[in-house]
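Each chain is listed here by its residues.
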Amino acid sequence: MPSENKAQTSSGQASCIGNIDTRLHTSRKAWLSDGETTVCGVYGPGTSMEIVATYNQPFEELTPSAITGNVIAGAAQVVSNKTMVSAMNTRLVWEKNDPTKFNLELQLYALKDTEKEVMEPLRALENFIAPDAAAFIGVGNIAKPLTLSIGRKIIYNYLVLESISIPFDKETDSKGNFVRATVNLTLSTITMVTKAMLKAGYGREGNVELNIDTQNPVQTRRSAQNN
């Protein structure tokens, strides 16, 4: 298992801030990293993954009522007690899968140092979503893609951070630092997740990163993400 204050990424060593509670097993913790900084917290009961597939009914309008009008088709059905609507008219056809969404409830709390265990992680999360954009005219950089590790078993990389909700109504210490905070984050894969990616191990402990240029999974060793 990796050291609690260092988390290795594909680009080297990323400093780890946040939870230092050694009483908790790593299976109850979550790590979010941009390759330079890793935030560690406890994932809460609201943490979930959502996959949405979109289907439509392209043959829905290929019915007598669509051709002759509802009144004529309805009258014909009343007289004959028959219908020409078939199961094919309700046939679902796959259109797409949306990118996979993650709802992460990240719990931060201080055992020793509120600055290092709560405040610095909150600032890091805000930095994760912020682009490095030009002030007026010029070329900037979008926010870096992130890697999410839940319990060091569920590992997704190349995620975009879509939203952060940070409460300001929690207890503070004498310096005004939060003693604890529960942060809600929404993340998403950059594309839909395909069978080829899953077969190669994307989303599981160990070895797979997404090659965004080709949309193919690439085998790499991520030894620090193994237990």
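Everything that follows concerns the structure shown earlier in this document.
The text that follows walks through the structure, step by step, so that each part is easy to find. (Residues numbered from 1 in each chain as written. Predicted model: local features only at pLDDT ≥ 70, side-chain atom pairs only at ≥ 80, totals over all residues. Heavy atoms only, no water.)

Here the focus is the overall build of the protein chain. The helix and strand tally for the protein chain stands at four helices and 14 strands. When each of the 227 residues of the protein chain is scored for burial, the buried share is 34%. Across the protein chain, every contact between residues at least 6 apart in sequence was considered, and the portion connecting residues at least 24 apart equals 62%. Accessible area of the protein chain: about 13,400 Å², with a carbon and sulfur share of 55%. (Helix = DSSP H or I, 4+ residues; strand = E, 2+ residues; numbered from the N terminus. Buried < 20%, exposed > 50% of the residue type's maximum accessible area, 1.4 Å probe, protein only. Contact = heavy atoms within 4.5 Å. Areas by Shrake-Rupley, 256 points an atom, 1.4 Å probe, with all protein chains shown as cover.)

Let us now look at helix 3 (residues 114-129). Taking 1.5 Å of rise per residue, the 16 residues of helix 3 would be expected to cover 22 Å, and the 22 Å separating its terminal C-alpha atoms lies within 8% of that figure. The largest bend along helix 3 reaches roughly 30 degrees and is located at Glu120, with the proline Pro121 sitting one to four residues downstream. Here helix 3 has its buried residues at Thr114, Glu117, Val118, Met119, Pro121, Leu122, Ala124, Leu125 and Phe128. N-cap assignment for helix 3: the residue whose side-chain oxygen lies 2.9 Å from the backbone N of Glu115 is Asp113. (Expected span 1.5 Å × (residues − 1). Bend = angle between axes of the 7 residues up to and from the residue. Polar contact = N/O pair within 3.5 Å; in protein donor to acceptor, adjacent residues only side chain to side chain.)

On the secondary structure map, Thr38 appears in strand 4 (residues 37-43). Assessed through its relative accessible area of 1%, Thr38 is described here as buried. There is a polar contact of 3.0 Å between the side chain of Thr38 and the side chain of Ser33.

Taken as a whole, this structure holds three aromatic pairs when the rule is applied. Ring centres of Phe102 and Tyr156 lie 4.7 Å apart, and the angle between their planes is 55 degrees; on these two criteria the pair is classed as tilted. You can see Phe102 sitting in strand 8 (residues 101-109) and its partner Tyr156 sitting in strand 10 (residues 154-165), a full 54 residues away along the chain. Its relative accessible area of 4% is what places Phe102 among the buried residues. For Tyr156, a relative accessible area of 8% corresponds to the buried category. For the pair Phe168 and Phe178, a centre-to-centre distance of 6.0 Å together with 20 degrees between the ring planes defines the contact as stacked. With Phe168 in the loop between strand 10 and strand 11 (180-189) and Phe178 in the loop between strand 10 and strand 11, the pair connects residues that are ten residues apart, well separated along the chain. Using a relative accessible area of 69% as the deciding quantity, one classes Phe168 as exposed. (Phe/Tyr/Trp six-rings, centres within 6.5 Å; stacked < 30°, edge-to-face > 60°.)

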